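Each chain is listed here by its residues.
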Amino acid sequence: MRLTKFEHSGLLLEQDGRKLFVDPGSFTSPLTDTANAVAVVITHEHPDHWTPEQLNRVLDLSPEAEIYAPEGVAKAASDFDITVVHAGDTITVEPFTLRFFGGRHAVIHETIPVVDNLGVLVNDELYYAGDSFFVPEGVQVDVLAAPAGAPWMKISETMDYVLAVKPKRSFPIHEMVLSRAGKDMANGRLQWATEQNGGTFFPLEPGDSLDL
C-alpha cells in the first residue's frame, strides 16, 4: 500500500490499482486523479477536512465510491450519500479494511461546540485520529499521522500522543496553519518523540509518498 500526503489533512492510499481518499478539505489542492477510487473517509465535519467540491471531484470519476463518516458529517453533507460509521466499526471496501476509533473532536474552546470525530486505521497499518489524540487501545501502529499545528492543540500534546502510540513510523499532518519555520519546529519535536520508542519520522511534504 502506498501513502501520498496532500496539503493539510488530505491523504491518498493506493493498493492493487484502487484508491482511498481521506479528509480532502479546503486547504488541500483540488483533487484531480480520482479514477478508481473505492471510498472516501471523512473524520469530521469541519471544512478543512472536506468540501462538496472535493467530494464531487472524486465522484465525477468514481461514481460508485463510498463515503464513510460520522453522523455529524452526514448532517453537514446532506446532499451526498454518506454511510455513517461509529467507533468500533470495521468496514471492508476492497482492498481496504477500515477500523474506526474515538468519537469526539478535541476541544478548541469552551464556547465552540465539540463535534463528532472518528479516527481511522487503514489495513492495520496507517492510523489517523482526525482532530483528536485518541490512542487506539491494543493496536500496534505501523504509521501514524501526527498533527503538527491546529487551534485545538499545542506541540507538547502531540509529542505526548506520539509517545503514547509508539508508532514504528510517523509523519506530520494538519500543518497548513503553520509557517515554514513553524513546520520545521514541529517536525523536530515530532521526530524526537517518534525516536524515543525506536520509530522513524518522515517529514513528508505535500506530494510526497511513503510505501507501507
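Attention here is on the structure that accompanies the text. As the structure is a prediction and not an experimental result, all values here were calculated from the model.

**Observations concerning the environment of E71**
And then number 1: Relative to the helices and strands, E71 is located in helix α2 (residues 71-76).
And then number 2: Taking the C-alpha atoms as reference, E71 lies 8.1 Å from H86; in sequence the two are 15 residues apart.
And then number 3: Those residues in contact with E71 that sit more than four places away from it in its chain are V84 and D116.

**A short note on the packing of aromatic side chains**
And then number 1: Applying the stated criterion across every chain yields a total of 5 aromatic pairs.
And then number 2: Considering the side-chain rings of W50 and F80, the 6.5 Å spacing of their centres and the 85° angle between planes classify their relative orientation as edge-to-face. Taken together, the residues span a long stretch of sequence, with W50 in the loop between β4 (37-41) and α1 (52-61) and F80 in the loop between α2 and β6 (82-84) at a distance of 30 residues. One exposure class covers both W50 and F80, and it is buried.
And then number 3: A centroid spacing of 5.8 Å and a plane angle of 90° characterise the contact between F101 and Y127, whose relative ring orientation is edge-to-face. Pair noted here: F101 is in strand β8 (residues 96-104) and Y127 is in strand β10 (residues 126-128), with a separation of 26 residues, a long-range link. Across the pair, Y127 and F101 agree in class, each one buried.
And then number 4: Taken together, F133, W152 and Y161 form an aromatic cluster joined through their ring pairs.

**Some remarks on the sheet that holds strand β11 (residues 143-147)**
Where strands meet in a sheet, backbone hydrogen bonds hold them as pairs that are either parallel or antiparallel.
And then number 1: If you walk across this open sheet you meet the 7 strands as β7-β8-β9-β10-β11-β12-β13, and the pairing is mixed. Each edge of the open sheet is held by one strand with a lone partner, namely β7 (90-93) and β13 (200-201).
And then number 2: Lying on the sheet, helix α3 (residues 155-165) is in contact with β10 and β11; it crosses β11 at an angle near 165°.

Cut-offs used in this document
- All chains use their own residue numbering, which begins from 1 and follows the written sequence.
- Local features in a predicted model are, by the rule used here, given only for residues with pLDDT of at least 70; side-chain atom pairs are given and counted only at 80 or more, and totals for whole chains, interfaces and linings are based on all residues.
- Note that water and hydrogens are dropped before the side-chain values are worked out from all heavy atoms of the structure.
- Helix numbers and strand numbers start at the N terminus; a helix is a DSSP run of H or I with at least 4 residues, a strand a run of E with at least 2.
- Contacts between residues were defined by any pair of non-hydrogen atoms, one from each residue, lying within 4.5 Å.
- The rule is short: rings of Phe, Tyr and Trp, with Trp giving its six-membered ring, pair when the centres are within 6.5 Å, and they are stacked under 30 degrees, edge-to-face over 60, tilted in between.
- Each residue is assigned to one of three classes by its accessible area relative to the maximum for its type, calculated with a 1.4 Å probe on protein chains only: buried under 20%, partly exposed between the two thresholds, exposed over 50%.
- In this scheme, strands are said to pair when DSSP sees at least two bridges between them.
- For helices, the axis comes from a line fit to the C-alpha atoms of the stretch in contact; other axes are also lines fit to C-alpha atoms, and the angle between any two N-to-C directions lies between 0 and 180 degrees.

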